[in-house]
Amino acid sequence: KDIYLLPAITSSAPSDGGDPYNYFGFPYLMLSVYIFYIIGFLRKLLPIETASPIFVDATFVLMIKIFFLIFTIFDAILLYKILKHPTFKYSINSRSKVVLLFLLNPLIISDVIIWGQMDSILLFFMLLVIYFLLDNKHEYAWLSLLIFMLLKQTSFIIGIFMSFLLMLFYPKKSIIKGLPFG
């Protein structure tokens, strides 16, 4: 319960001390626990006291949002690198516009900065799969796909679909070579 409390803007947040997931348990998969644990550990190193254990620790929430914002910046960099690949014939100006549109997208801003969700990490690993596939590094693509699938339950369904696509469109030799990684 002390891993992460969402702010009191969700429908069920007023009940259960501001924790809308209290009756569901932790809504993420195993790798997410480690992410929140590391952020929580770093938070405890700061000498700032919270006003009350019932309310959301604003410093902790800010640290989580900054962490996810950093991943959003990594997403933009990776998106730029993918668009720079010779497969795509985008000019520097076009690539920059796409990245700028991504960063200024109201849904991205809302998801990362306002709501503080971890979708930027999911997107990072999905983009990493695409990046490694474009560079014919299938082992790393499988590893990135595995990490993607172990972060959040919703990514598991997309990951299974991506696994089938990888098996359909890439040589069997690269699949066998990449299976120990993912």
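Residues numbered from 1 in each chain as written. Predicted model: local features only at pLDDT ≥ 70, side-chain atom pairs only at ≥ 80, totals over all residues. Heavy atoms only, no water.

**Side note on the overall build of the protein chain**
Each helix and strand in the protein chain was counted, giving eight helices and zero strands. Of the regular secondary structure in the protein chain, the N- to C-terminal order runs α-α-α-α-α-α-α-α. Counting the 182 residues in the protein chain, one finds 40% classified as buried. Counting only contacts in the protein chain whose residues sit at least 6 apart along the sequence, the fraction spanning at least 24 positions is 61%. (Helix = DSSP H or I, 4+ residues; strand = E, 2+ residues; numbered from the N terminus. Buried < 20%, exposed > 50% of the residue type's maximum accessible area, 1.4 Å probe, protein only. Contact = heavy atoms within 4.5 Å.)

**Examining helix α3 (residues 92-103)**
Over its twelve residues, α3 runs 16 Å from end to end, which matches the ideal 16 Å to within 8%, given 1.5 Å per residue. Considering only its buried residues, α3 is in contact with α2 (58-84), α4 (106-114) and α5 (119-134). (Expected span 1.5 Å × (residues − 1).)

**Details of the side chain of Thr 72**
Relative to the helices and strands, Thr 72 is located in helix α2. Classification of Thr 72 as buried rests on a relative accessible area of 4%. In terms of polar contacts, Thr 72 uses its side chain to reach the backbone carbonyl oxygen of Phe 68, at 2.9 Å. Contact partners of Thr 72, with chain neighbours within four places excluded, come to Phe 102, Leu 103, Ile 108, Val 112 and Ser 120. (Polar contact = N/O pair within 3.5 Å; in protein donor to acceptor, adjacent residues only side chain to side chain.)

**As for helix α1 (residues 30-45)**
The end-to-end C-alpha distance of α1 is 24 Å, a good match for the 22 Å that 16 residues give at a rise of 1.5 Å each. Buried within α1 we find Ser 32, Ile 35, Phe 36, Ile 39, Gly 40 and Arg 43. Seen along its axis, α1 keeps its buried residues to an arc of 130 degrees; they face one direction. Every exposed residue of α1 that faces more than 90 degrees away from the buried side is listed here: Met 30, Tyr 34, Tyr 37, Lys 44 and Leu 45. Of the surrounding elements, those touching the buried residues of α1 are α2 and α5. (Arc of directions from axis to C-beta.)

**Here we look at the packing of α2 against α4**
Interhelical geometry of α2 versus α4 gives an angle of 145 degrees and a closest axis separation of 8 Å. Here α2 contributes Lys 65, Phe 68, Leu 69 and Thr 72 to the contact with α4, which in turn contributes Ile 108, Val 112, Ile 113 and Ile 114. A class-by-class count of the residues in the contact of α2 with α4 yields six nonpolar, one polar and one charged. (Axes fitted to C-alpha atoms, helices over the stretch in contact; angles between N-to-C directions. Nonpolar A, V, L, I, M, F, W, Y, C, P; charged D, E, K, R; others polar.)

**Quick word on the packing of aromatic side chains**
In the structure shown here, the tally under the stated rule is ten aromatic pairs. For the pair Phe 71 and Phe 124, a centre-to-centre distance of 5.3 Å together with 80 degrees between the ring planes defines the contact as edge-to-face. Within this pair, whereas Phe 71 is found in helix α2, its partner Phe 124 is found in helix α5, the two being separated by 53 residues in sequence. An aromatic cluster of three or more residues is present, and its members are Phe 36, Phe 67, Phe 68, Phe 71, Phe 74, Phe 124 and Phe 125. (Phe/Tyr/Trp six-rings, centres within 6.5 Å; stacked < 30°, edge-to-face > 60°.)

**Things to note about the packing of α1 against α2**
Interhelical geometry of α1 versus α2 gives an angle of 130 degrees and a closest axis separation of 10 Å. In terms of orientation, α1 lies oblique with respect to α2. The two elements α1 and α2 cross, and the hand of that crossing is right-handed. Across from Ile 35, Phe 36, Ile 39, Gly 40, Leu 42 and Arg 43 in α1, the residues of α2 making contact are Thr 59, Phe 60, Met 63, Ile 64, Phe 67 and Phe 68. When the residues that make up the contact of α1 with α2 are grouped by side-chain class, the tally is nine nonpolar, two polar and one charged. (Parallel < 35°, antiparallel > 145°, perpendicular 65-115°, else oblique. Left-handed = near helix turned anticlockwise from the far one by under 90°.)

**A few points about unusual backbone geometry**
With the exception of glycine, the majority of residues adopt a negative phi angle, and the majority of peptide bonds are in the trans configuration. Of note in this structure, Asn 136 is not a glycine but carries a positive phi near 55 degrees. Assignment of secondary structure puts Asn 136 in the loop between α5 and α6 (138-149).

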